[in-house]
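# Descriptive structure summary
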Amino acid sequence: ASLVIPNDPLYGQQWYIPAVKTDSVWQQTTGDTTQVIAILDTGVDWNHPDLKNKIWTNPNPNSSPDANGVVNDVRGWDYINNDNNPMDDNSHGTHVAGIAAAETNNGIGIAGVCPKAKIMPIKVFTSKGTGDVATIVKGINYAATHGATVINMSFGSYARSLSMEAALS
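Not measured: the values here are computed from a predicted model.

### Details of the side chain of Q14
Relative to the assigned elements, Q14 resides in the segment before α1 (16-19). Each residue touching Q14, except ones within four places of it in the same chain, is listed here: I110 and A111.

This is the structure in structure tokens:
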């Protein structure tokens, strides 16, 4: 069985793809557009050339505020600024989104691990990368109620959070 080698110029630097054997899985599947990966992070640059075609679009954005104050949430939500603009102002969320689902075989950037999946940007951290459990829980609840099939939380804490565990369950 031959490995799938994408034409993305930075693919050769993506050591983690062969390390977890993603390239051999690509022979069977590269995911599909029903897979929605919520990125709970510093936001996502939805204009990034490797991500602009991968951003989830809310099929039913609220035209008036819902119980959580979310309105016109076309492509996710920014819980730091409480608006519908979850643009990344740190780069970490965009980096994570690219690893998860960057467009693949487009001759630019990197290859996403699950390139057919969609990305749901949910900003729960400030530009400095700081946040709190209450905000993260809001992001988890948003992802769950808006159809995310995977929630990526690329962060850590020194303390256990029963609130976050409850939201995730």
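### Considerations on the pattern of salt bridges
Tallying each qualifying case throughout the model produces two salt bridges. Salt-bridge contacts for K123 lead to D89; the nearest nitrogen and oxygen are separated by 2.8 Å. Of this pair, K123 sits in strand β3 (residues 118-123) while D89 sits in the loop between β2 (77-78) and α3 (92-101), placing them 34 residues apart in sequence. You can call K123 buried: its relative accessible area is 1%. Judged by its relative accessible area of 42%, D89 is partly exposed. For the salt bridge of R160 with E165, the shortest nitrogen-to-oxygen distance reads 2.7 Å. Assessed through its relative accessible area of 67%, R160 is described here as exposed. Here E165 falls in the partly exposed class, since its relative accessible area comes to 36%.

### Considering the packing of aromatic side chains
Within this structure, the stated rule accounts for six aromatic pairs. When the ring of W15 is compared with that of Y16, the centres are 5.7 Å apart and the planes differ by 85°; the resulting orientation is edge-to-face. Residue W15 is classed as exposed on the basis of its relative accessible area, which comes to 64%. An angle of 75° between the planes, with centres 6.4 Å apart, marks the rings of Y79 and Y142 as edge-to-face. Residue Y79 is found in the loop between β2 and α3, and its partner Y142 is found in helix α4 (residues 133-145); the two are separated by 63 residues along the sequence. Three or more aromatic residues joined by ring pairs make a cluster, and in this case those are W56, W77, Y79 and Y142.

### Thoughts on the pairing of β3
A large share of β3 lies buried, amounting to five of its six residues. One ladder, built from two bridges, connects β2 with β3; its direction is parallel. Residue pairing across strands places D78 opposite K123, the latter belonging to β3.

Cut-off values and rules
- Residues numbered from 1 in each chain as written.
- Predicted model: local features only at pLDDT ≥ 70, side-chain atom pairs only at ≥ 80, totals over all residues.
- Heavy atoms only, no water.
- Helix = DSSP H or I, 4+ residues; strand = E, 2+ residues; numbered from the N terminus.
- Contact = heavy atoms within 4.5 Å.
- Salt bridge = Lys/Arg side-chain N within 4 Å of Asp/Glu carboxyl O.
- Buried < 20%, exposed > 50% of the residue type's maximum accessible area, 1.4 Å probe, protein only.
- Phe/Tyr/Trp six-rings, centres within 6.5 Å; stacked < 30°, edge-to-face > 60°.
- Pairing = 2+ DSSP bridges.

Keep in mind these numbers describe shape, not what the thing actually does.
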